[in-house]
Amino acid sequence: MAPKLSSRADITLKVGFTMITNITRGHIDLDVDGRTIRLQGEGFHRGPLDFLVITAQIMRWNDGAEVTGSERAAMLKDLRVRAAARGLVVEIE
């Protein structure tokens, strides 16, 4: 059984070349090959889903550079697959 959101908010999980550095109720912070980005969404404490990522809001890296479509697709694919392997259920909207 996956740990609840509140118990892992301060845990850092390596996800391939992507590292989840922070999970809160409203966002997931990622380090992707040395670049950082905040993914907006919704975290859940109960139920089958741990976090819902809203892809329409993934537009810029934290340094202000635009996220390309291929970067977004690769990042989300890596996040979903590797997070699931570690017991986190992340849905992409």
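It should be noted that the structure appears before, not after, this text.
Just so it is clear, the structure is predicted and the values come from calculations on it, not from any experiment.

A. Examining the side chain of His 27 more closely. Secondary-structure assignment places His 27 in strand E3 (residues 27-32). Overall, His 27 belongs to the buried group, its relative accessible area being 13%. Within the structure, His 27 has its side chain in polar contact with the side chain of Arg 38 (distance 3.3 Å).

B. Quick peek at unusual backbone geometry. For Asp 33, which is not a glycine, the phi torsion comes out positive at approximately 50°. As for its placement among the helices and strands, Asp 33 is situated in the loop between E3 and strand E4 (35-43).

C. Representation of the pattern of salt bridges in the model. As enumerated under the stated definition, the model contains 4 salt bridges in all. Among the ionic pairs, Asp 29 bridges to Arg 38, the shortest N-O distance being 2.7 Å. By relative accessible area, which is 37% here, Arg 38 ends up partly exposed. Overlapping salt bridges, with partners in common, bring together Arg 35, Asp 63 and Glu 71 in one network.

D. Broad picture of the side chain of Asp 29. With respect to the secondary-structure elements, Asp 29 resides in strand E3. Among the residues examined, Asp 29 registers a relative accessible area of 11% and is labelled buried. At a separation of 2.7 Å, a polar atom in the side chain of Asp 29 contacts the side chain of Arg 38. Excluding residues within four positions of it along the chain, Asp 29 makes contact with Met 19, Ile 20, Thr 21, Asn 22, Ile 37 and Arg 38.

E. Geometry of helix H2 (residues 69-85). Taking 1.5 Å of rise per residue, 17 residues should cover 24 Å, and H2 covers 24 Å from first to last C-alpha, within 8% of that figure. Taken together, the buried positions of H2 are Met 75, Leu 76, Asp 78, Leu 79 and Ala 83. Within H2, the buried residues cover an arc of 165° as seen down the axis, which keeps them to one side. Across from the buried face of H2, at angles greater than 90 degrees, the exposed residues are Ser 70, Lys 77 and Ala 85. Where H2 terminates, the next one or two residues include Gly 87, which has phi positive at roughly 90°.

F. Main features of the environment of Gly 64. Looking at the secondary structure, you find Gly 64 in the loop between strand E5 (51-53) and H2. Gly 64 sits in the partly exposed class, given a relative accessible area of 39%. Put simply, Gly 64 and Ile 37 are 27 residues apart on the chain and 9.6 Å apart in space, counted from C-alpha to C-alpha.

Cut-offs applied
- Here, residues in each chain are numbered from 1, in the same order as that chain's written sequence.
- Restriction of local features to residues with pLDDT of at least 70 applies here, the model being predicted, together with a cutoff of 80 or more for giving and counting side-chain atom pairs; totals for whole chains, interfaces and linings are based on all residues.
- Side-chain numbers come from the whole structure's heavy atoms, not from hydrogens or water.
- Here a helix means four or more residues in a row that DSSP labels H or I, a strand means two or more in a row labelled E, and each is numbered from the N terminus.
- Type-normalised accessible area, obtained with a 1.4 Å probe on protein chains alone, sets the label of each residue: buried when under 20%, exposed when over 50%, and partly exposed for intermediate values.
- Here a polar contact is recorded for every N or O atom pair within 3.5 Å, except that within protein the pair must consist of a potential hydrogen donor and a potential acceptor, and residues adjacent in sequence are included only if both atoms are side-chain atoms.
- Salt bridge, as used here, is a side-chain nitrogen of Lys or Arg placed within 4 Å of a carboxyl oxygen of Asp or Glu.
- Every residue pair with non-hydrogen atoms within 4.5 Å of one another is taken to be in contact.
- Multiplying 1.5 Å by the residue count of a helix minus one yields the expected span of that helix.
- When we speak of the arc, we mean the arc of directions from the helix axis to the C-beta atoms.

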